[in-house]
Amino acid sequence: MENSKKTKLLILGSGPAGYTAAIYAARANLNPIIVTGDQIGGQLTQTYNIENWPGNFPNITGQKLMDQLYNHALYFGTNIINDTITKIINFKKTPFIVKGNLFTYKCDSIIIATGSYPRFLGLDSEKKFIGKGVSSCAICDGFFYRNKVVAIIGGGNTAIEEALYLSKITSTIHLIHRKNNFIAEKILLQKLKLLVKNKKIILHVPYIVKEILGNDIGVTGIKIASLNNKNIKIIPVYGIFVLIGTVPNSFLFQKILNLNKNGYILTNKNKFKKSNFTETNIAGIFAAGDVMDNNYRQAITSAATGCMAALDAKKFLNNIDK
């Protein structure tokens, strides 16, 4: 097969789960290949400040942490290829075969650590202005809005973290959340409370977005509606950051692997039987990180499942080598 790569273990994805899996697999002499995907380092590269990664106190940027994990995987001999998988050719039996933009990969086992991508509101007016004032990444696009008014939509850790980051760049932030209470960590909410007190951040709760307003140049405002009394507000803003969660990057595996109703890959942790924790419904194919975790979604838990997937893959490979 031309332009093909062969390995015992193929790892799809280069976030904390993928790199950690590679470190453990390489140390077990499995000679893994990582296919990075479109976003090398995963979503964590877009995180400005990480305060809860053990050992990096008080904080570290997401990009720096992922650079460290990349170098750690490389140190143990992982073959890291900047490619994106576009097609599943064979998942029925080993060797498994998948096709990327650059190469076709044949392997005896696979760890799927493809992560997730940002969820958007789904409004027609939102789609119109993506890249023209609507964004899902404050670190990527925040500098465009220096000393300007912006809106953030969301109420979880990511939304609050991005609000804190943008508060150092923008003039004012309108934080819009569909519930009365925020679900972010307490330490983040304490910092948010101070910025609200100083009128750097203005809260709108419980409100939903009805329409993104703009012109040929870009976003000019946002129309929101109260869930309490249907009150409508039109707020002039230059940029809107939609931070309402993520969608698992599992599209390629639909109708091949078992997924839950939200698209997360199901593994044996979801079944009442004793088996490898990270194995999917196909023996030899494992899943780790945000593509299978719809509960915790933390960098440290992604890394932990990457470790478990590597150990499970090693066990599988040892059995087929006998």
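Attention here is on the structure that accompanies the text. Because the structure is predicted, anything quoted here is derived from the model rather than measured.

1. A word on the environment of Asn90
Inference 1: Positionally, Asn90 belongs in strand E4 (residues 85-90).
Inference 2: Look at Asn90 and you get buried, because its relative accessible area is 17%.
Inference 3: As a C-alpha pair, Asn90 and Gly218 span 128 residues in sequence and 45 Å in three-dimensional space.
Inference 4: Within polar-contact distance, the side chain of Asn90 engages the backbone oxygen of Lys93 at 2.8 Å.

2. What to know about the sheet that holds strand E13 (residues 219-226)
Inference 1: Taking strand neighbours across the sheet as the criterion, the 3 strands line up as E12-E13-E14 in an open arrangement whose pairing is antiparallel. Either end of the sheet is taken by a strand with one partner, and the two such strands are strand E12 (207-214) and strand E14 (232-236). Across the sheet, the mean angle separating the axes of adjacent strands is 25° when strand polarity is ignored.
Inference 2: Here E12 pairs with E13 via 7 bridges, running antiparallel. Directly across from Gly214, in E13, lies its bridge partner Val219.

3. Some details on the nonpolar core
Inference 1: Membership of the largest hydrophobic core comes to 30 residues, with the highest contact counts inside it found for Leu9, Ile11, Tyr19 and Ile111.
Inference 2: If you list the elements that add at least two residues to this core, you get strand E1 (4-12), helix H1 (16-27), helix H2 (62-75) and helix H7 (299-321).
Inference 3: A per-element tally of this core places H7 first, with 7 residues.
Inference 4: The residues contacting Ile111, other than those within four sequence positions of it, are Leu9, Leu10, Ile11, Leu12, Ala21, Phe286, Ala288, Ala309, Ala310 and Ala313.
Inference 5: Among the nonpolar cores identified, the runner-up in size contains 22 residues, and Ile85, Leu257, Val291 and Met292 belong to it.

4. Thoughts on the packing of H1 against H2
Inference 1: Direction vectors running N to C along H1 and H2 enclose 25°, while the axes themselves pass 9 Å from each other. If you check the angle between H1 and H2, you find them roughly parallel. When you trace H1 past H2, the crossing you get is left-handed. Along the contact surface, H1 presents Pro16, Tyr19, Ala22 and Ile23, while H2 presents Met66, Leu69, Tyr70, His72 and Ala73.

Basis of the calculations
Residues numbered from 1 in each chain as written. Predicted model: local features only at pLDDT ≥ 70, side-chain atom pairs only at ≥ 80, totals over all residues. Heavy atoms only, no water. Helix = DSSP H or I, 4+ residues; strand = E, 2+ residues; numbered from the N terminus. Buried < 20%, exposed > 50% of the residue type's maximum accessible area, 1.4 Å probe, protein only. Polar contact = N/O pair within 3.5 Å; in protein donor to acceptor, adjacent residues only side chain to side chain. Pairing = 2+ DSSP bridges. Axes fitted to C-alpha atoms, helices over the stretch in contact; angles between N-to-C directions. Core = buried A, V, L, I, M, F, W, Y, C linked by side-chain atoms within 4.5 Å. Contact = heavy atoms within 4.5 Å. Parallel < 35°, antiparallel > 145°, perpendicular 65-115°, else oblique. Left-handed = near helix turned anticlockwise from the far one by under 90°.

So, to be careful, I would describe these as geometric facts and stop short of saying anything about function.
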